[in-house]
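Okay, here's what each chain looks like letter by letter:
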Amino acid sequence: MAEHREFFYRRLHSLLGVIPIGLFVVQHLIVNHFAVYGEEQFNTAANFMANLPFVLVLETFVIYLPILFHAVLGVYIVFVARNNAKRYGYLRNWLFLLQRVTGVITLIFIAWHVWETRVQVALGNVEVSFSLMEDILSNPFMVAFYIVGILSTTFHLANGLWGFAVSWGILQSPRSQKVITYGTLLVFVVISYIGIRTIVKFAYGI
Amino acid sequence: MAEQNTITFIITRQDSPDSSPYKETFKIPYRKNMNVIAGLMEIQRNPVNANGEKTTPVKWEMSCLEEVCGACSMVINGYAQQSCATLIDELEQPIRLEPMSTFPVVRDLVVDRERMFDDLKRIKAWIPIDGTHDLGPGPRMDEQTRQWAYELSKCMTCGVCLEVCPNVNDKSEFMGPALLSLPRLYNAHPTGAMNKSERLDALLDDGGVSGCGNSQNCVQACPKGIPLTTSIAAMNRATMIQSFKNFFGSDTN
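Values in this document were obtained by computation on a predicted structure and should not be read as measured data.

Concerning the domain arrangement of chain B
Residue and element names in this part refer to chain B.
Then comes step 1: Splitting chain B by domain gives domain 1 (6-111) and domain 2 (114-248).
Then comes step 2: Contact residues are listed per partner, giving 13 residues for domain 1 and 12 residues for domain 2.
Then comes step 3: For the domain 1 and domain 2 pair, buried surface summed over both sides reaches about 1000 Å², with 57% attributable to carbon and sulfur atoms.
Then comes step 4: On the surface where domain 1 and domain 2 come into contact, there are 1 salt bridge.
Then comes step 5: Between Glu67 and Lys224 there is a salt bridge, and its shortest N-O distance comes to 3.9 Å.
Then comes step 6: The tally of links between domain 1 and domain 2 comes to 5 residue pairs in polar contact (both at pLDDT 80 or more).
Then comes step 7: At the level of secondary structure, the elements contributing two or more residues to the side of domain 1 that touches domain 2 comprise β3 (73-76) and β4 (79-82).
Then comes step 8: Element by element, the count of residues in the side of domain 1 that touches domain 2 is highest for β4, at 3 residues.
Then comes step 9: Looking at the side of domain 1 that touches domain 2 residue by residue, the class counts come to 6 nonpolar, 6 polar and 1 charged.

What to know about the packing of aromatic side chains
Then comes step 1: Counting across every chain of the model gives 15 aromatic pairs over all chains.
Then comes step 2: Centre to centre, the rings of Phe141 of chain A and Phe145 of chain A are 6.4 Å apart; their planes meet at 10°, and the pair counts as stacked. Here Phe141 of chain A pairs with Phe145 of chain A, and both are found in helix α6 (residues 140-167), just 4 residues apart, close to one helical turn.
Then comes step 3: Given a relative accessible area of 58%, Phe141 of chain A falls into the exposed group.
Then comes step 4: Where Phe247 of chain B meets Phe248 of chain B, the ring centres are 4.9 Å apart and the plane angle is 85°; that geometry is what we call edge-to-face.
Then comes step 5: Joined through ring pairs, the aromatic side chains of Phe109, Phe141, Phe145 and Tyr146 of chain A make up one cluster.
Then comes step 6: The ring of Trp148 of chain B carries Arg184 of chain B above its face, with NZ or CZ at 4.2 Å from the centroid.

Considering helix α7 (residues 174-204) of chain A
Then comes step 1: With 31 residues, α7 of chain A ought to run about 45 Å at 1.5 Å a step, and its terminal C-alpha atoms sit 44 Å apart, in line with that.
Then comes step 2: All of the buried residues in α7 of chain A are Gln177, Thr181, Thr184, Ile191, Ser192, Ile194, Gly195, Ile196, Thr198, Ile199, Lys201 and Phe202 of chain A.
Then comes step 3: Buried residues along α7 of chain A sit in contact with α1 (5-32), α2 (39-50), α4 (91-122), α5 (130-136) and α6 of chain A together with α8 (228-248) of chain B.
Then comes step 4: Count one or two residues on from α7 of chain A and you reach Gly205 of chain A, which has phi positive near 70°.

Reading guide: rules and limits
Residues numbered from 1 in each chain as written. Chains lettered and ligands numbered in written order. Predicted model: local features only at pLDDT ≥ 70, side-chain atom pairs only at ≥ 80, totals over all residues. Heavy atoms only, no water. Domains from an automatic or database assignment. Contact = heavy atoms within 4.5 Å. Buried area = accessible area lost by both parts, 1.4 Å probe. Salt bridge = Lys/Arg side-chain N within 4 Å of Asp/Glu carboxyl O. Polar contact = N/O pair within 3.5 Å; in protein donor to acceptor, adjacent residues only side chain to side chain. Helix = DSSP H or I, 4+ residues; strand = E, 2+ residues; numbered from the N terminus. Nonpolar A, V, L, I, M, F, W, Y, C, P; charged D, E, K, R; others polar. Phe/Tyr/Trp six-rings, centres within 6.5 Å; stacked < 30°, edge-to-face > 60°. Buried < 20%, exposed > 50% of the residue type's maximum accessible area, 1.4 Å probe, protein only. Lys NZ or Arg CZ within 6 Å of the ring centre and 35° of its normal. Expected span 1.5 Å × (residues − 1).

So this is what it looks like as structure tokens:
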């Protein structure tokens, strides 16, 4: 294994993006969608998640460490590409560029989001609640920032599912690669809707 | 095109591997059905640039003149392709010629494609049959496999797929699409399959199959229409299985 380190790290990077990070993102967006049904529903769900047994261990191994590894190697991958989508403007080449752009945007967004809603809670400055998100999203700039952040995350995840399936050798034929491209587009639309719908509720109360 | 009687070339030139590149414009008389190489030959015959100054003839490489050797690959109006198979009547003017940027420039449009030939050795792009006595005919290949393997065998290591790939560059060790497709060809051959794991282990090394980022430019640009992305996906699968075999152990090659 030692002599095939790059291969191992790249395949691990690809896998971690789906399991556990991808699963966590979908779970996170769905649980937050409780906000749409009302303040009380959201607070109950958020409290349930925040008081899971072994919550720090779960967070560390399901969220923090995988994201940290994915982010560090991801930034390296961004830097070793010389993008040429302008010259060779094929669909997949644009998606290749977008995957890198959204990766960087998502990293910035997650860093801010964790600082604002997790680190501050750990420091005892705020409590996770409907009103915390309402406060943050009363600022129109933050609404835009969260919408861009969510869309960038969902795009990166949906397109990353395709990349995972190709890199792990699941999709070989051009036909299967094409069909799954449409499949990931559907994933992007569905999880983006779930995320944006929640933001609309927090920001505008509807 | 009838009124047009001159062709303008803007050529990116470089006098030596270490000197800096510069652009020079040439105007040559138009003839019907010229390819880019015919234009370059005209400049070689009369090396005078558009300002009427005498200059050195532009250097380029060529051999077969029928798109099977790969030597005359260059970037023509922004797209990497063979200058023998590119017709001037189908190009917009002025015609811009540049050397392929992925490879070190030797002079003008001549590049050194040696990195690909070194990688051919790394991936063992051959079938070892040498021995001390006649081993008789090898195993037969089924027709279905032969048909797709024949498509892969059209690769002429021209370097166009490396040139268009965003992940093949001076910052990465990635060997490039053609070098991921050829192990599939040799592994499909019944005799070549006897050394399958050696080729897959080479692809598992740094700069091998893990360097692909799925931009899929290669399959669009390949002048021979080789299904490069299908090959890469097939090698993704094969190397994945090989890596499991290496780690967990396996009795088969």
